[in-house]
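These are the residues of each chain, in order.
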Number of protein chains: 2
Amino acid sequence: MENKLMLMIPGPTPVPENVLLALAKHPIGHRSGEFIQIQADVTANLKWLYQTTNELLLLTASGTGTMEAGIINFFSPGDRVLVIHNGKFGERWALVSKAFGLDVVEVTAPWGQPINPADVQAALTADSAKAIKGVIITHSETSTGVINDLETINKHVKAHGALIIVDAVTSMGATNVPIDEWGLDVVCSGSQKGFMVPPGMGFVAVSAKAWEAYKTAKIPKFYLDLGKYRKDGAPFTPPVNLIFALQASLEMMKKEGLENIFARHHRHRDACRAAVKAMGLELYAPDGHGSPAITAVSTPAAEEIRKVMKKKYDIVLAGGQDHLSGQVFRIGHLGFVCDRDILSALAALEGTLAELGTGKSNGAGVAAAAQILSSK
Amino acid sequence: MENKLMLMIPGPTPVPENVLLALAKHPIGHRSGEFIQIQADVTANLKWLYQTTNELLLLTASGTGTMEAGIINFFSPGDRVLVIHNGKFGERWALVSKAFGLDVVEVTAPWGQPINPADVQAALTADSAKAIKGVIITHSETSTGVINDLETINKHVKAHGALIIVDAVTSMGATNVPIDEWGLDVVCSGSQKGFMVPPGMGFVAVSAKAWEAYKTAKIPKFYLDLGKYRKDGAPFTPPVNLIFALQASLEMMKKEGLENIFARHHRHRDACRAAVKAMGLELYAPDGHGSPAITAVSTPAAEEIRKVMKKKYDIVLAGGQDHLSGQVFRIGHLGFVCDRDILSALAALEGTLAELGTGKSNGAGVAAAAQILSSK
């Protein structure tokens, strides 16, 4: 049906009406007192969401551009970094690091499996010469729906002393990432994820320790030079209308409260996982390691399921990336998603399974989800 | 008065209502067939506006990020480039080039004066060894309201054989930049300028000759690696809603037609310049070299004038940048600006001069502008 699209992908995520209306306001001058006040307000609320008093910088860039900034500002060519990866995005940070001449060592796990913190500990303990200057980790791996144990891994990094750079693109605003409490150095995310805003902006939090490393970092940079953003919040024309939208969405998030936001995402993850199991489908991420932002389902019928979901129920699910293309579909439950949306998507999934004659479509999936939603 | 702001700055520029409404649509998936069709439509219309069959790439970045992409993709560290500059933005491209290890030689003119094409010719003729690999030029210098003679300068570059990289940030969509006819290699602009869209996106047109240079260019890059955008129009999540808006604005521009758009900007430039002279104020750019996007006015009362214009008439003018701060104000007449807007701004300027007791406020300024608007 026209104009009835329901987005259940891990970005762009659904955007609330008042945020869309804020987006549609006439732009104002980005050097005006009014805008500077808005930027200050947005920055303060981003720090609340990021749970940090570190500097919080706003870039006109996608999540990848923002992560690139998070990497290149703190190292010099030849510096060794440990890139921890178990999916497409983690692999990308190894590619970015190599593109800028970093000496990349890796700790990996197969796609769909979590990183074993002991492997990270072993790699860091072996580095008695402290050659590793930074550890780069993807918290919620969007390509597989696996969340890595950032808290434990970070403890090993802290024991070693390297900087930790966190891709929190799909975990920020979905689960607890207490930057100051854990001492995370560089943490990146993007507007089209938990922030309930369309794509086009990224955010980086930078610790005092990372700024120390910045002073001697020699990778060439200009547009993504975070020192420029530190000095002047908007050294280059900022995305004024997206910032209007972000102001509105952050107000909504503050009203809901961090604990409630995290609980909602965890509840939706649990409901989706219970339903998928009850429908006789296979979860791609093992129990205990499912991302609160996205649930990946492994099935050879992935593309047929996505087609029917779109055509019959106007629900957009994400497909598999790279070698997972055609082998998994991914349910995004990130940002502006309520309990009803989860039941809608799962009920439509049961209808789709019935139509395709695959899996179980006896109502057990929706019932399992409803059980979780009503008990939490 | 609340919500009565009139933007007369060189970006963000005013945005039409239907473009704002397109911006406020619910986002869709950027890998969907529907979005790929929109991106194809937008790209085709951008090529129409850019007057080119070259590849046209869309980045999530400000104008500076887009120009950085236009520079770093085609050279290796140590390569010599000639940066032509006579204002803040031209100077910035020298800084970007140096940041990435290029060997920068310069042809300059004082701020407020046009580049002398003969100076460029002399610098290129002297380079008999063809050490200069690229020439970087700002077409319309936003900081001063001077437009450089790109057509003539480009002929000298063509005679030499270097690549030409053009900052057309405030000239594209304001005056004729026939890329294919002139053989311009790399041409950059940004959404918040002549495109009538809020800030957040940049566009780069790349010639076959530039792609040849790309093959051997070794400056490190990832997010701004144009080869990735050439291969996959949206290698990283694109700013979906800004692209909806751009689709709507390009449709409007096609209806108006290139010749009419250029004539309107030239008419507004001429009207502003005639009015400023009749008001006894000093134009910062000499006759024959005024930008069709922006008119800079030199007066020690610049900041007082801007304050009254904003407070009493709800019109935002731009101030001077860097050492011109407090010494000039700038009237933006770029993008979604009609004849009435020009008369409104100039009438308010006369009112402001009367209030401040400076310049001439006898109606001659508005009359001079009206004369030009009615005769063209």
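Just so you know, the residues in each chain are numbered from 1, in the order the chain's sequence is written. Going through the entries in the order they are written, you letter the chains from A and number the ligands from 1. In view of the model being predicted, local features appear only for residues whose pLDDT reaches at least 70, and side-chain atom pairs are presented and counted only at 80 or more, with totals across whole chains, interfaces and linings using the full set of residues. No hydrogens and no water enter the side-chain calculation; it runs on all heavy atoms of the structure.

> Could you clarify how one ought to interpret the interface of chain B and chain A in this entry?
Bring the parts together and some accessible area is lost; that lost area is often taken as the interface size. Residues are treated as being in contact if the distance between any of their heavy atoms lies within 4.5 Å. Each side of the interface is counted separately: chain B has 43 residues, and chain A has 43 residues. Buried area counts how much accessible surface, traced with a 1.4 Å probe, disappears from two parts once they are put together, with both parts' losses summed. Note on chain B versus chain A: buried area summed over both sides is about 3400 Å², and carbon and sulfur give 74% of it. When the area that chain B buries against chain A is broken down by residue, the three leading residues are P27, F222 and Y223 of chain B, summing to 17%. In the sections that follow, a salt bridge refers to a side-chain nitrogen of Lys or Arg positioned within 4 Å of a carboxyl oxygen of Asp or Glu. Linking chain B with chain A are 0 salt bridges. Polar contact is defined as a pair of N or O atoms within 3.5 Å, subject to the rule that within protein one atom must be able to donate a hydrogen and the other to accept it, and that residues adjacent in sequence are counted only when both atoms are side-chain atoms. Our count for the contact surface shared by chain B and chain A stands at 4 residue pairs in polar contact (both at pLDDT 80 or more).

> Would you take a moment to explain the relation of the copies chain B and chain A for this structure?
For these two chain copies, the linking operation is a rotation about an axis paired with a shift along it. Least-squares superposition of the copies uses the C-alpha atoms of those residues scoring a pLDDT of at least 70 in each of them. Structural alignment of chain B on chain A gives an RMSD of 0.0 Å, achieved by rotating through 180 degrees and translating 0.0 Å along the axis. What we have between these two chains is a two-fold relation. Most of the interface of chain B is mirrored in chain A: 100% of its interface residues are interface residues there too.

> How should the pairing of strand β9 (residues 186-190) of chain B be read in this particular structure?
Within a regular strand, the side chains alternate between the two sheet faces. Residues and elements named next belong to chain B. For every residue, the accessible area obtained with a 1.4 Å probe (protein chains only) is divided by the maximum for its type, and the residue is called buried under 20%, exposed over 50%, and partly exposed between those limits. Numbering of helices and strands starts at the N terminus; helices are DSSP runs of H or I of at least 4 residues and strands are runs of E of at least 2. Most of β9 sits inside the fold, with 5 of its 5 residues counted as buried. Along β9, one buried face is formed by V186, C188 and G190 and the opposite face, lined by V187 and S189, is buried too. Pairing of strand β8 (residues 163-167) with β9 involves 3 bridges; the strand directions are parallel. Bridge pairing links D167 to C188 in β9. Paired strands, in this sense, are two strands between which DSSP finds at least two bridges.

> How should I be thinking about the packing of aromatic side chains in this particular structure?
Note on aromatic pairs: the rings of Phe, Tyr and Trp (six-membered ring only in Trp) are paired at centre separations within 6.5 Å, and the planes decide the class, stacked below 30 degrees, edge-to-face beyond 60, tilted for the rest. In this structure the tally under the stated criterion is 12 aromatic pairs over all chains. Among the aromatic residues, ring-to-ring pairing joins F222, Y223, Y229 and F236 of chain A into one connected group. In this scheme, the term charge over a ring applies when either NZ of a lysine or CZ of an arginine sits within 6 Å of the ring centre and within 35 degrees of the ring normal. The lysine or arginine in question, K228 of chain A, covers the ring of F222 of chain A, its NZ or CZ lying 4.2 Å from the ring centre. Across the ring face of F244 of chain B, the terminal group of K25 of chain B is positioned such that the distance to the ring centre comes to 4.9 Å.

> Help me understand the domain arrangement of chain A, please; the structure alone is not making it clear to me.
All names here are of chain A. In terms of domain boundaries, chain A breaks down into domain 1 (17-255) and domain 2 (258-375). The C-alpha-based centres of domain 1 and domain 2 are spaced at 28 Å. With 26 residues of domain 1 at the interface, the matching set in domain 2 holds 23 residues. Together, W111, G145 and A174 form the three largest contributors to the area buried by domain 1 at its contact with domain 2, with a combined 23%. An automatic or database domain assignment is the source of the domain bounds shown.

> Would you mind going over the sheet that holds strand β2 (residues 55-59) of chain A with me for this structure?
Residue and element names in this part refer to chain A. Ordered by their spatial adjacency, 7 strands build an open sheet running β2-β10-β9-β8-β5-β3-β4, and the pairing between neighbours is mixed. Of all strands in the sheet, those with a lone pairing partner are β2 and β4 (103-108), marking the two edges. Neighbour-to-neighbour, the strand axes of the sheet open up by a mean angle of 20 degrees, direction not taken into account. In this description, a line fitted to the C-alpha atoms serves as the axis of each element, helices being fitted only across the stretch in contact, and the angle between N-to-C directions of two axes falls anywhere from 0 to 180 degrees. The strands touched by helix α2 (residues 33-50) within the sheet are β2, β9 (186-190) and β10 (202-206), with β2 carrying the most contacts at an inclination of about 115 degrees.

> Please clarify how the side chain of S62 of chain A should be interpreted in this entry.
Tracing the chain through its elements places S62 of chain A in the loop between β2 and α3 (63-72). If we ignore the near neighbours within four places in the chain, the residues touching S62 of chain A are T60, Y223, F236 and T237 of chain B.

> Whenever I open this one, the environment of K218 of chain B confuses me. Can you help?
Residue and element names in this part refer to chain B. As for its placement among the helices and strands, K218 is situated in the loop between α8 (208-216) and α9 (226-231). Sequence separation between K218 and G351 is 133 residues, and the spatial gap between their C-alpha atoms is 56 Å. Apart from the residues within four sequence positions on either side, K218 is in contact with F75, S76 and P77.

> Can you help me understand the sheet that holds strand β14 (residues 328-332) of chain A in this one?
In any sheet, the strands associate via hydrogen bonds between backbone groups, in a parallel or an antiparallel arrangement. Residue and element names in this part refer to chain A. In space, the 5 strands of this open sheet follow the order β1-β13-β14-β12-β11, with mixed pairing throughout. Every other strand in the sheet has two partners, leaving β1 (6-8) and β11 (282-283) as the edge strands with one partner each. Inspection of the sheet shows strand β13 (residues 315-319) paired to β14 by 2 bridges, in the antiparallel sense. Each residue of the ladder has a partner; that of A318, found in β14, is R330. Against the sheet, helix α12 (residues 302-313) makes contact with β13 and β14, and its axis sits at roughly 160 degrees relative to β13, the strand it touches most. The strands touched by helix α13 (residues 339-356) are β1, β13 and β14; relative to β1, the strand with the most contacts, the crossing angle is about 90 degrees.

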